[in-house]
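Summary of structural features
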Amino acid sequence: MTEKKQLSLCMVTKNDEKHLPACLENMDEVADEVIMIDLGSTDQTVDIAEKAGAKVYQRKWNEDNSEVKNACLDLAQGRWVLFLQANETIAEEQLKKLPLLLKNPNAEGYLLYIDQYSKKNKILSPVHSLRLFRNRKEYRYQYRIFERIPEEHLNNIKDAGIRIIQHTDQSLLNNNKKNKLLKDEMAKYPGDSYLHYMYGMELLNERRYEESVHFLESARKNVKNNYLFAPHLYKCLSWNLFSLKRYKEAFTILERGLKLFPAYTDFLVLRGDLYKQDKQYENAIRDLEQCLEIKRNPSVSIPKPEIHISVVLETLAEIHELIDNEQIALTYYQQAYELNHTNQKLLYKIGELAKLADKNEIVENIMKSAVEENNLEKIMILMDIYLQHHKYTQVIFYLDEIGSFLGNKEQVASIKFFCYMMMGKVKEAEVHFSMINKKSPIYEHVLLQRLESCWFYDDWEKAEQLLQEVNQRESINQHIKNLYHLLHNLFTGKVSGDSRKLQKQEYEMVSILIENLLWKEQEEKAKLVLPLLLQGQLGKEPYMKLAQLWAEKNDFDTIQILFKCVKHEHQLEFKQKIIQHLLRNNFISTANRVNKLGDSKSLGALDYVLWSRCFMYRLEKCIEKVQEPESVTEVHNTLSWKEKEKEKPNKALLAFYQNLSMKSRNSNEGIIECDVTDKTCAEIHSDIGEVFEKRREHKAAFTAYLRSLQWDPQNQHTQNKISNIFGNNQMDFSAFLEEKSWPLEGAVFREKEEYIHYVFGLIYFNKQQYEKAHAFFMEIQDSEMLSSIAQPYIFGCLWFSGNEEEVKKQISELNRDSHVVPAFLSICKDYILDKLAEGSQKHKNSELIKEEQEKVRKMVSARTFFI
Amino acid sequence: MYHIEVLQRKLDQLMKEPDNPDLYNDIGVLLYQLKDWHNAEMYLQKAYQLDSSNKDVLYNYAQLLNEQYQWEKSISIYTAYLDMEPNDIEVIQKVGNTCYLIGDYQKAQKFYEQLKVNGEENLDR
């Protein structure tokens, strides 16, 4: 008894001698038999197949794919059949999975996805991925074109995890013929969702979006949700609508798709893209992160989503970049690049953001690995990034490292010439310049750079000579020669301006020249050339790039000129980018001036950061006015109460506190630790307040907090507690305060009346009612010690209500040793942090605000604020 | 409405029994419930004057004084109450807390000690 064959490879051929040998060799080990139906080849196809042991059958081509494929199936004897085209192969390591798949008793068929290597990258239906299935007589193809085994006959389809490589795009039929056949089939099977879907896809591949939508929509109306192509249909339809800018309809289709096929993450990616388009960045991030989450736990459902995880990561990076979360964007770009090394754009983005984040080691590490891998293409991109970042030393270092396998020595010499020239090492530059043959194709480019170097170093005589040489070179375009003459004349003052419009190539040359001049700290020369770039209507990007360069020079006037060149609809984006750049360089005053350019539209999260920086900047200027200790006599002796603040409680209070906390623990009312020996009076009373608060004994809690504040009058936590309790029942607690049943203790307040004024001052201060707060604080100015405690709040009241000049005046009379200044700064810190917290609430994904919060916290907590 | 009707009835009754401390106490409590603190205090004070050994009167009067921030006075009335009801842990705790509020930590601590002893005794039983 012969054993039944396991796998039959089925093929339909016509004049496939070019690709067939590779395909047959590829499948030799795996297929038990090869069934080939040839449609009348006139080349060596049949001979090749027969020599390889295939069973070849001749058949007439009746323009019916199903007929031929079903004939294959009738002849196949294996338990399983695999359909491949002659131009397809499967990678060796993937082929190894095949035997195991055939042993799975729970599978009736497998999807093998197709990677097209042809130039015409078409959208393919997952239906065409069903290439491997059990050889059963009920599994037969339907339709003359875009043949398909109806899924109602074929259940338990699984993902094979195998990809077919399709080397060229080949078809027995041209597009017109295909479409005609498809239309015939549609007439034969009216209302067939599959045929409408396929026709819609064909139109989509031809970019006939409007017509495509019609057929895809009609397919969607009739499709059953268990059809293999259903999620793909929804996706194509939404993508199509997206391309037609019919965003609302696209959104509705995506919503429906998501509801029906929640594991098909492509819907989330497309919806994320829609949100991005609509500037709903938080929603976009949410969708894309959800997509990543689902992809981390892949489901077994088919068809698999097609959008690669690297695309999701790249989109996330782009969104975070748009909302100025550069750090997160950088991380996502890195992750995307890890998964897709072929995408050069990612590498450039990593370079750009690593520079902004001052993380050069990231590019350095990629370069090291590229050198280890001898990956020339990657090395060249990284060199380009280094050159863009003016990292000339690194470029020279790596050129020395890898020069041997770069091959073209003149190219190496030209790069080194440029690096040395920029670094000001003229002699070394000239050595490398001399290594380039005048007949070399790169000579002219280097010659122009050499001429530029003469402008950098004011070598006008040499420049004249080189200009003559440029003139004599026939292969240099006349417009380039004219441009270099004009530039030379501008630098030498022979002309003062020119109204010519630059061509794209000229524009790029002048921009790079300006960038290099600015890097060489030659702003004046750069300014002479800049007007050349302002003649034509450029897009926003070039102006923003230029403005960023001038932002690094803190040059408001030039930024303003460039701002005026930008179209109205791009001015906000311009402002955002440039302000951020200025803030990164700590040019706060200029950033504030840029903000005032044009319309006063919200900058989003950046509004809060700019506000914070300006606030701190003005504060810094104010504090500078504080006098040195020796220049004024001590105004307030504030040490006494500062020391009292640390006073420890007596035994009785400690014992009461311990018993109270023990009682609370027994009844689970409080969470107070037992070790109290280090606690101060203020802390003990504050803890007692917490216990009472948890027991909902609000008056007792209020009293305890009041007492804590008597020991530590500037404690923000206690102040907040008092304000909160007071706010819940203002009448009652006002009466309570006025009743004065509570005793005073501590070293600061001697009169209850003063303390009441202080407490009311704080309450109104926390409610941001600065005028009222100011009035209360002013009531306690009699005592020297008390006034020093209230003074920071008085400054706060004045400052926060816009009377900064008065604070400046009063602060200039203070001694640096006075505690008033740090206390005032601490109050300001809380004020800034409150405002930033408000911003963080409004812009939940803003890293910019989070970074600012961190910065403010660190600056003040380290006592390195300004003094 | 219910409180006011009862209050009216009690006041009528008081006309007939002007020295009845229970009536004063009841009226004080009703007024307290009606948040008429001032009159509640007057009636409870009168009840206390008429019968300073009535536990209910002591408790109610001390409670009212405490609510009105008259902490020192409330402590002395509560203490008289505790002489009669030494195991009322709720009141012991209340007095302890009130002593804290007036800044008498020594006394506050003593009451909490007493609370601890009472708690242990309860456990022993």
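Residues numbered from 1 in each chain as written. Chains lettered and ligands numbered in written order. Predicted model: local features only at pLDDT ≥ 70, side-chain atom pairs only at ≥ 80, totals over all residues. Heavy atoms only, no water.

Some points on the overall build of chain B
Of the regular secondary structure elements, chain B holds 7 helices and 0 strands. Listed by position from the N terminus, the elements making up chain B come as α-α-α-α-α-α-α. For chain B, the C-alpha atoms occupy an extent of roughly 50 × 35 × 25 Å along the three principal directions. The contacts in chain B between residues at least 6 apart in sequence include a share of 40% that link residues at least 24 apart. Element-wise, carbon and sulfur atoms account for 48% of the exposed surface of chain B, whose accessible area totals about 6900 Å². For chain B, the centre of its 12 positive side-chain charges and the centre of its 21 negative side-chain charges are spaced 2 Å apart. (Helix = DSSP H or I, 4+ residues; strand = E, 2+ residues; numbered from the N terminus. Contact = heavy atoms within 4.5 Å. Areas by Shrake-Rupley, 256 points an atom, 1.4 Å probe, with all protein chains shown as cover. Lys, Arg positive; Asp, Glu negative; His and termini not counted. Charge placed at Lys NZ, Arg CZ, Asp CG, Glu CD.)

With respect to the overall build of chain A
The helix and strand tally for chain A stands at 42 helices and 8 strands. A compact globule built from 867 residues should have a C-alpha radius of gyration of about 29 Å, whereas chain A, at 38 Å, is more than 25% larger. With the principal axes as the frame, chain A shows a C-alpha extent of 115 × 90 × 45 Å. Counting only residues that meet the buried cut, chain A has 52% of its 867 residues in that class. Within chain A, counting contacts between residues at least 6 apart in sequence, those at least 24 apart form 66% of the total. Accessible surface computed for chain A: about 41000 Å², of which carbon and sulfur atoms make up 48%. Looking at charge distribution, chain A has the averaged site of its 118 positive side-chain charges lying 4 Å from that of its 128 negative ones. (Rg over C-alpha atoms; globule rule 2.2 N^0.38 Å. Buried < 20%, exposed > 50% of the residue type's maximum accessible area, 1.4 Å probe, protein only.)

Description of the sheet that holds strand S1 (residues 7–13) of chain A
Strands pair in a sheet through their backbones, by hydrogen bonds, and they do so in one of two ways: parallel or antiparallel. All names here are of chain A. Spatial strand order, S3-S2-S1-S4-S7-S6-S8-S5: 8 strands in an open sheet with mixed pairing. The two strands at the open ends of the sheet, each matched to only one other strand, are strand S3 (55–58) and strand S5 (88–90). The sheet shows a mean angle of 25° between the axes of neighbouring strands, taken without regard to direction. Here strand S6 (residues 109–116) runs beside strand S8 (residues 157–166); their pairing, made up of 7 bridges, is parallel. Bridge assignment links Tyr113 to a residue of S8, and that residue is Arg163. Along the sheet face, helix H3 (residues 65–75) touches S1, strand S2 (33–38), S3, strand S4 (80–83) and strand S7 (130–134) and points at about 145° away from the line of S2. (Pairing = 2+ DSSP bridges. Axes fitted to C-alpha atoms, helices over the stretch in contact; angles between N-to-C directions.)

Some words on unusual backbone geometry
All names here are of chain A. Despite not being glycine, Asn15 shows a phi value in the positive range, around 50°. Here Asn15 is to be found in the loop between S1 and helix H1 (20–27). For Asn15, a relative accessible area of 35% corresponds to the partly exposed category. Even without a glycine there, the phi angle at Glu63 is positive, about 55°. If you trace the backbone, Glu63 turns up in the loop between S3 and H3. Judged by relative accessible area, Glu63 falls into the partly exposed class, the value being 26%.

What to know about the packing of helix H24 (residues 504–519) of chain A against helix H26 (residues 540–551) of chain A
All names here are of chain A. Running from N to C, H24 and H26 point in directions that differ by 15°, and their axes come no closer than 10 Å. By the angle class used here, H24 and H26 are roughly parallel. Crossing of H24 against H26: the hand is left-handed. In this structure, H24 contributes Tyr507, Ile514, Glu515 and Leu518 to the contact, and H26 contributes Pro542, Lys545, Leu546, Leu549 and Trp550. Across the contact of H24 with H26, the residue classes break down as 7 nonpolar, no polar and 2 charged. (Parallel < 35°, antiparallel > 145°, perpendicular 65-115°, else oblique. Left-handed = near helix turned anticlockwise from the far one by under 90°. Nonpolar A, V, L, I, M, F, W, Y, C, P; charged D, E, K, R; others polar.)

Considerations on the domain arrangement of chain B
In terms of domains, chain B is made up of domain 1 (1–68) and domain 2 (86–125). The straight-line distance from the C-alpha centre of domain 1 of chain B to that of domain 2 of chain B is 27 Å. (Domains from an automatic or database assignment.)

Some remarks on the nonpolar core
Counting residues in each nonpolar core, the largest one holds 263 residues, and the members touching the most others are Ile514, Ile688, Tyr758 and Phe777 of chain A together with Tyr100 of chain B. For this core, the element with the most residues is helix H30 (residues 605–623) of chain A, which contributes 11 residues. Once residues lying within four places of it in the same chain are set aside, the contact partners of Tyr100 of chain B are Leu653, Phe656, His685, Ile688, Phe692, Ala704 and Arg707 of chain A together with Tyr105 and Ala108 of chain B. Counting residues in each nonpolar core, the second largest holds 32 residues, with Leu20, Met27, Ile90 and Leu98 of chain A among its members. (Core = buried A, V, L, I, M, F, W, Y, C linked by side-chain atoms within 4.5 Å.)

Considering the interface of chain B and chain A
Across the boundary between the two partners, chain B contributes 18 residues, which contact 25 residues of chain A. Area buried by chain B at its contact with chain A is led by Tyr69, Tyr100 and Tyr105 of chain B, which between them contribute 43% of it. Where chain B meets chain A, there are 0 salt bridges. The interface formed by chain B and chain A includes 10 residue pairs in polar contact (both at pLDDT 80 or more). (Buried area = accessible area lost by both parts, 1.4 Å probe. Salt bridge = Lys/Arg side-chain N within 4 Å of Asp/Glu carboxyl O. Polar contact = N/O pair within 3.5 Å; in protein donor to acceptor, adjacent residues only side chain to side chain.)

Considerations on the pattern of salt bridges
Residues and elements named next belong to chain A. Scanning the entire structure with this criterion turns up 51 salt bridges over all chains. The partner of Arg695 in a salt bridge is Glu697, and the shortest N-O contact between them spans 3.7 Å. Its relative accessible area of 12% is what places Arg695 among the buried residues. One continuous salt-bridge network, built from bridges that share partners, spans Glu255, Arg271, Arg286 and Asp287.

Overview of the domain arrangement of chain A
As far as domains go, chain A holds domain 1 (7–166) and domain 2 (639–861). Relative to domain 2 of chain A, the C-alpha centre of domain 1 of chain A lies at a distance of 79 Å.

Quick word on the side chain of His196 of chain A
All names here are of chain A. Within the secondary structure, His196 is located in helix H7 (residues 193–205). Given a relative accessible area of 13%, His196 falls into the buried group. His196 has contacts with Met186, Gly191, Phe215, Leu216, Ser218 and Ala219, leaving out every residue within four places of it along the chain.

With respect to a negative patch on the surface
Residues and elements named next belong to chain A. Where like charges cluster on the molecular surface, the negative patch consists of Glu25, Asp28, Glu29, Glu92 and Glu93. In this structure, Glu93 sits in helix H4 (residues 92–95). Judged by its relative accessible area of 55%, Glu93 falls in the exposed class. (Patch = residues over 30% accessible without salt bridge, like charges linked within 9 Å, V, L, I, M, F, W, Y side chains within 5 Å.)

With respect to the state of the cysteines
A disulfide bridge is the covalent bond that connects two cysteines by way of their sulfur atoms. Residue and element names in this part refer to chain A. For the structure on display, the rule yields 0 disulfides over all chains. Not part of a disulfide, Cys23 finds its nearest cysteine sulfur in Cys10, a span of 12 Å. Here Cys419 stays free of any disulfide, with the sulfur of Cys454 as its closest cysteine sulfur at 18 Å. (Disulfide = S-S within 2.5 Å.)

Concerning the pairing of S1 of chain A
All names here are of chain A. Among the 7 residues of S1, 6 are classified as buried, and the element is accordingly described as predominantly covered. One ladder, built from 4 bridges, connects S1 with S4; its direction is parallel. Residue pairing for S4: Leu9 is matched across the bridge by Leu82. Between the parallel elements S1 and S2, the chain passes through H1 in a crossover that is right-handed. (Right-handed = clockwise from strand over helix to strand, strands pointing away.)

Thoughts on the packing of aromatic side chains
Under the counting rule described, the total for this entry stands at 64 aromatic pairs over all chains. Between Tyr59 of chain B and Tyr78 of chain B, the aromatic rings sit 6.5 Å apart at their centres with planes inclined by 75°, giving edge-to-face as the arrangement. Here Tyr78 of chain B lies in helix H5 (residues 71–84) and Tyr59 of chain B lies in helix H4 (residues 55–67), a separation of 19 residues in the sequence. On the basis of relative accessibility, which here comes to 23%, the residue Tyr59 of chain B falls in the partly exposed class. A cation over a ring is seen here: Arg148 of chain A above Tyr194 of chain A, with NZ or CZ 4.8 Å from the ring centre. (Phe/Tyr/Trp six-rings, centres within 6.5 Å; stacked < 30°, edge-to-face > 60°. Lys NZ or Arg CZ within 6 Å of the ring centre and 35° of its normal.)

With respect to the pairing of S7 of chain A
Residues and elements named next belong to chain A. For S7, the buried fraction is high: 5 of the 5 residues fall into the buried class. Sheet topology places S4 next to S7; 3 bridges connect them, and they run antiparallel. Residue pairing across strands places Val81 opposite Phe133, the latter belonging to S7. Where S6 meets S7, 3 bridges bridge the pair, whose relative direction is antiparallel. In the sheet register, Tyr110 faces S7, and the bridge partner there is Leu132.

Side note on helix H22 (residues 460–472) of chain A
Residues and elements named next belong to chain A. Taking 1.5 Å as the rise per residue, H22 with 13 residues should run 18 Å; its terminal C-alpha atoms sit 18 Å apart, in good agreement. Residues of H22 that are buried: Ala463, Leu466, Leu467, Glu469 and Val470. Here the buried residues of H22 occupy an arc of 160° about the axis, which is enough to place them on one side. Turned more than 90 degrees away from the buried face of H22 sit Glu461 and Gln472, all of them exposed. The inward-facing, buried residues of H22 abut helix H21 (443–456) and helix H23 (478–492). (Expected span 1.5 Å × (residues − 1). Arc of directions from axis to C-beta.)

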